[in-house]
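Chain by chain, the residues:
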Amino acid sequence: MSIISDYKKKTKESAKLFSLSTKFHVNGVSHNIRFFEPYPFVVKSSSGKNLVDVDDNKYTDYWMGHWSLILGHGPKQVKDSLKKQIEKSWMYGTVNEQTIKLSELISKAVPVAEKIRYVTSGTEATMYAVRLARSVTGKKIIAKIDGGWHGYTSDLLKSVNWPFTESESSGVVNEEKIISIPFNDLEKSLEILNKVSNDLAGIIIEPILGGGGCIPATEEYLKGIQEFAHKNNSLFILDEIVTGFRFRFGCLYPTMKLDPDIVTLGKIVGGGMAIGVMCGKKEIMKHADTTGKKKSERSYIGGGTFSANPMSMTSGFATLTELKKSKEIYSKINSLGKFTRDELGKVFGDKVIITGQGSLFMTHFAKDGITEIVNSAQAAKCDTESLHKYHFKMIAQDGIFFLPGKLGAISNTHTKDDIKKMIIATENFQQ
Ligand SMILES: Cc1ncc(COP(=O)(O)O)c(C=O)c1O
C-alpha cells in the first residue's frame, strides 16, 4: 500500500476537519509551514512526547511546538504554575511581578541581558532589534545571512530561500536596505560588508541556522563578523530564539566568548506560551527609554497588548526554573541528540549528511556532489523531496512526527527507546 493511502486511511476525521479549516483559513492554516500534502492531521491534545490527532493516532513528536517545548508537552511543573496563575487571572495589561521574576532568571543566565523588553513573538523581537540598531547608529542597512530566518518581519523577509536573489514576498518595500552575506564564509562576507560599511547599522545572525538547515556557525566566523561590526560601529545582533536555553542554561554565545550588543530570545523561554525577548547592553537599550527624550533621540520598541502578560511570564519562569534545577536535562538531551545523529549516519551512510548540535538534528539527502553542509545554499541543493518523503513516511506508517522538511528537536520526555524506534523507521524507509 502506498504511504499516502496509509495516511488517508488513518486520518479520516482529520481530512474532514481540515477541509472545514480551509473554509475559514487561507490554505487551512495560520502559519504557512504547518501545511503539508495531502493535508495535515488535526491535533486534539498533546502530552509529554506525544501529539494526539482527532482520529486518536498518537505521534512521537520531534517538532515540539516549533522547537519550543524542551520539557515536552504540558510538563507538570509548568501546568501547575499556570493553573495557579489562572486563579489569579491571565491578563493585567500592567507591570506585574511575574515579569520581574522571569527577568531575574534571564539576566543572571544571559550576561548581555542588562536590560530586557518582552513581546509576544520572535518576529516582533527581531523587528525591534533592527529598529534599535538603526536608532543607535543613525545608519540604515542591516546585514543578514543567506538562508537566515528571523520571522516574518518585513525588514528581514529577504534572502531566506535559495537562491536568495528573488524577493520573498510582494508587499515588502525598501529591500535595498537589507543585504545578505554567506554563512561561514568570512572572506566573502567581509567583502560584502565592506561595500556598505558607511551605512551599516547592524548584522543579525543565528549562531545555528534553524530554519536554514540546522547548521552551526564556526566560532571563527562569528568572531570575525563581530570584530567587523564593532570596528565599524555597527551592532552585532545574535538571534538566539532557537538556541537560547536549548543546549545549556543560558545562551550559546558565552561558550564562544562572543560579545553581542543585542540578543533576541523566544521559544523555550516562554515555556510554550507566546513570547519574544529583546535584550542587550544598557548603553544600547537605553535608546528605548522614552522618558524625557525627543522623538529624534528615542527608539520606539515597546508595544504589544499582550507583551509581558502574566501567563507567558509564568510559564517561562516555571520552565527556566525547572531547567536550572535539573541541569542533567541538558546532558541527557544533548547526548540523545548525538546518539540520534550517529545512528542516523550509520543507517544512511554517505547517502545523507546529518547536521545539528546538542538536541537538534537534521537529515539532508545528498545530491549533486554535495558532501558537506556549512551553509543554507548547500542544504537547499540537497534532495529536499526525499526528506519530505522520509518525514511523511514516518507520520503515515510509524507514528513519528517531524514537520516535513524541518529539523528535529529532542525534549526531556524523549527516551533512548524513542530514538531507537525512529532509527528502525528510518531503516524501513525507501527513498
Ligand atoms: C531564529 C529565529 N528567529 C525568529 C523567529 C520568529 O519567531 P516567531 O515564530 O515566534 O515569530 C524564529 C522562528 O522560528 C526563528 O527560528
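Each value, and the rule that gives it
Numbers given to residues run from 1 along each chain, matching the order in which its sequence is written. A pLDDT threshold of at least 70 governs which residues receive local features in this predicted model, and a stricter bar of 80 or more applies before side-chain atom pairs are shown or counted, although totals over entire chains, interfaces and linings include all residues. Computation of side-chain values covers all heavy atoms of the structure but excludes hydrogens and water. At least two DSSP bridges between two strands are required for those strands to pair. Each helix is a run of DSSP H or I of at least 4 residues and each strand a run of E of at least 2, with the numbering of both proceeding from the N terminus. In the sections that follow, a salt bridge refers to a side-chain nitrogen of Lys or Arg positioned within 4 Å of a carboxyl oxygen of Asp or Glu. By convention here, the domain bounds are inherited from an automatic or database domain assignment. A contact between two residues is defined here by any heavy atoms of the two lying within 4.5 Å. Buried area is calculated as the accessible area (1.4 Å probe) missing from two parts once they are joined, with the contributions of both summed. Throughout this description, a polar contact denotes any pair of N or O atoms lying within 3.5 Å of each other; where both atoms belong to protein, one of them has to be capable of donating a hydrogen while the other can accept it, and for residues adjacent in sequence the pair is counted only when both atoms sit in side chains. Each residue is assigned to one of three groups, with Ala, Val, Leu, Ile, Met, Phe, Trp, Tyr, Cys and Pro labelled nonpolar, Asp, Glu, Lys and Arg labelled charged, and all others, Gly among them, labelled polar. Being near a molecule or strand, for a residue, means having at least one of its heavy atoms within 4 Å of it. For the accessible areas, the method is Shrake-Rupley and the probe is 1.4 Å, while residue cover comes only from the protein chains on display. Every axis corresponds to a line fitted to the C-alpha atoms, with the helix fit spanning only the stretch in contact, and the corresponding angles, defined between N-to-C directions, vary from 0 to 180 degrees. Handedness of a crossing is defined here by the sense of rotation of the near helix relative to the far one, left-handed for an anticlockwise turn of less than a right angle and right-handed for a clockwise turn. To count toward a patch, a residue needs a relative accessible area over 30% and no salt bridge; like charges are then connected within 9 Å, while nonpolar side chains (Val, Leu, Ile, Met, Phe, Trp, Tyr) are connected within 5 Å. Note on terminology: a nonpolar core comprises buried Ala, Val, Leu, Ile, Met, Phe, Trp, Tyr and Cys residues joined through side-chain atoms within 4.5 Å. Each residue gets one of three labels from its accessible area relative to the maximum for its type: buried under 20%, exposed over 50%, partly exposed in between, using a 1.4 Å probe on protein chains only. Here the angle decides the label: under 35 degrees means roughly parallel, over 145 means roughly antiparallel, 65 to 115 means roughly perpendicular, and every other value means oblique.

This paragraph deals with the sheet that holds strand 2 (residues 50–53). Overall, mixed pairing links the four strands, which are arranged 1-2-3-15 in an open sheet. Lying at the two open borders of the sheet, with one neighbouring strand each, are strand 1 (43–47) and strand 15 (400–401). Both strand 1 and strand 2 contribute to a ladder of four bridges, which runs antiparallel. Of the residues in strand 2, the one forming a bridge with Ser45 is Val52.

Enumeration according to the criterion identifies 14 salt bridges in this entry. In this structure, the salt-bridge partner of Lys49 is Asp418, at a minimum N-O distance of 3.1 Å. Residue Lys49 is located in the loop between strand 1 and strand 2, and its partner Asp418 is located in helix 14 (residues 416–427); the two are separated by 369 residues in the primary sequence. For Lys325, the salt bridge identified is with Glu322, shortest N-O distance 3.4 Å. With Lys325 and Glu322 both in helix 10 (residues 310–325) and three residues apart, this pair spans about one turn of that helix. Among the ionic contacts, a cluster of salt bridges with common partners joins Asp259, Asp261 and Lys281.

On to the domain arrangement of the chain. When the parts of a complex come together, some accessible area is lost, and that lost area is often used as the size of the interface. Partitioning the chain into domains gives domain 1 (3–62 + 327–427) and domain 2 (76–325). Inter-centroid distance (C-alpha atoms) of domain 1 to domain 2 is 26 Å. Contacts between the two partners involve 27 residues from domain 1 and, on the opposite side, 27 residues from domain 2. Between domain 1 and domain 2 lies a buried interface of about 2,100 Å² when both sides are counted; carbon and sulfur atoms form 63% of it. Put simply, domain 1 and domain 2 have twelve residue pairs in polar contact (both at pLDDT 80 or more) between them. At the level of secondary structure, the elements contributing two or more residues to the side of domain 1 that touches domain 2 comprise helix 11 (328–348), strand 13 (352–357), strand 14 (360–365) and helix 12 (376–381). Residue contributions to the side of domain 1 that touches domain 2 peak at five residues, all from helix 12. In terms of residue class, the side of domain 1 that touches domain 2 is made up of 14 nonpolar, ten polar and three charged.

Turning our eyes to something else, we now look at the site of the ligand. Every residue lining the ligand is accounted for by Ser121, Gly122, Thr123, Trp149, His150, Gly151, Glu206, Asp239, Ile241, Val242 and Lys267. At 2.8 Å from an oxygen atom of the ligand is found a side-chain nitrogen or oxygen belonging to Lys267. The protein chains hide 86% of the 390 Å² of surface that the ligand would expose on its own. Of the residues that constitute the shell around the ligand, the class distribution is three nonpolar, five polar and three charged.

Moving on: the packing of helix 5 (residues 97–109) against helix 10. At their nearest, the axes of helix 5 and helix 10 sit 8 Å apart, and the two run at 35° to each other. The way helix 5 lies across helix 10 gives a crossing that is left-handed. For the pair formed by helix 5 and helix 10, the contact residues are Gln98, Thr99, Lys101, Leu102, Leu105 and Ile106 on the first element and Pro310, Met313, Thr314, Gly316, Phe317, Leu320, Thr321 and Lys324 on the second. Residues belonging to the contact of helix 5 with helix 10 are distributed by class as follows: seven nonpolar, five polar and two charged.

Here we take up a nonpolar patch on the surface. On the surface, Ile86, Trp90, Met91 and Phe306 cluster together into a nonpolar patch covering about 410 Å² of accessible area. One can find Ile86 in helix 4 (residues 76–88).

Judged by nonpolar contacts, the single largest core of 103 residues is most densely connected at Val110, Ile203, Ile205, Phe245 and Leu265. The element that contributes the greatest number of residues to this core is helix 11, accounting for seven residues. Both of domain 1 (3–62 + 327–427) and domain 2 (76–325) provide at least three residues apiece to this core. With sequence-adjacent residues up to four places away left out, Phe245 is seen in contact with Ile70, Ala109, Val110, Gly250, Leu265, Ile268, Val269, Leu320, Leu323 and Tyr330. Core analysis: the next-biggest nonpolar cluster, separate from the first, contains 20 residues, Ala129, Ile142, Ile178 and Ile237 among them.

Moving on, we get to the pairing of strand 2. Neither face of strand 2 is left uncovered, since the one carrying Asn50 and Val52 and the one carrying Leu51 and Asp53 both have all their residues buried. Where strand 1 hands over to strand 2, the hairpin turn is made up of two residues, of which Gly48 adopts a positive phi near 60°. Pairing between strand 2 and strand 3 (residues 58–61): three bridges, direction antiparallel. Residue Leu51 lies in a different strand from strand 3, and its bridge partner there is Tyr59.

This paragraph deals with the packing of helix 7 (residues 186–195) against helix 8 (residues 219–231). As a packed pair, helix 7 and helix 8 sit with axes 10 Å apart at the nearest point and diverge in direction by 20°. Comparing their axes, helix 8 and helix 7 come out roughly parallel. Read as a crossing pair, helix 7 and helix 8 show a hand that is right-handed. Together, Leu186, Ser189, Leu190, Leu193 and Asn194 of helix 7 and Glu220, Tyr221, Gly224, Ile225 and Phe228 of helix 8 make up the contact between the two elements. Residues that form the contact of helix 7 with helix 8 fall into these classes: six nonpolar, three polar and one charged.

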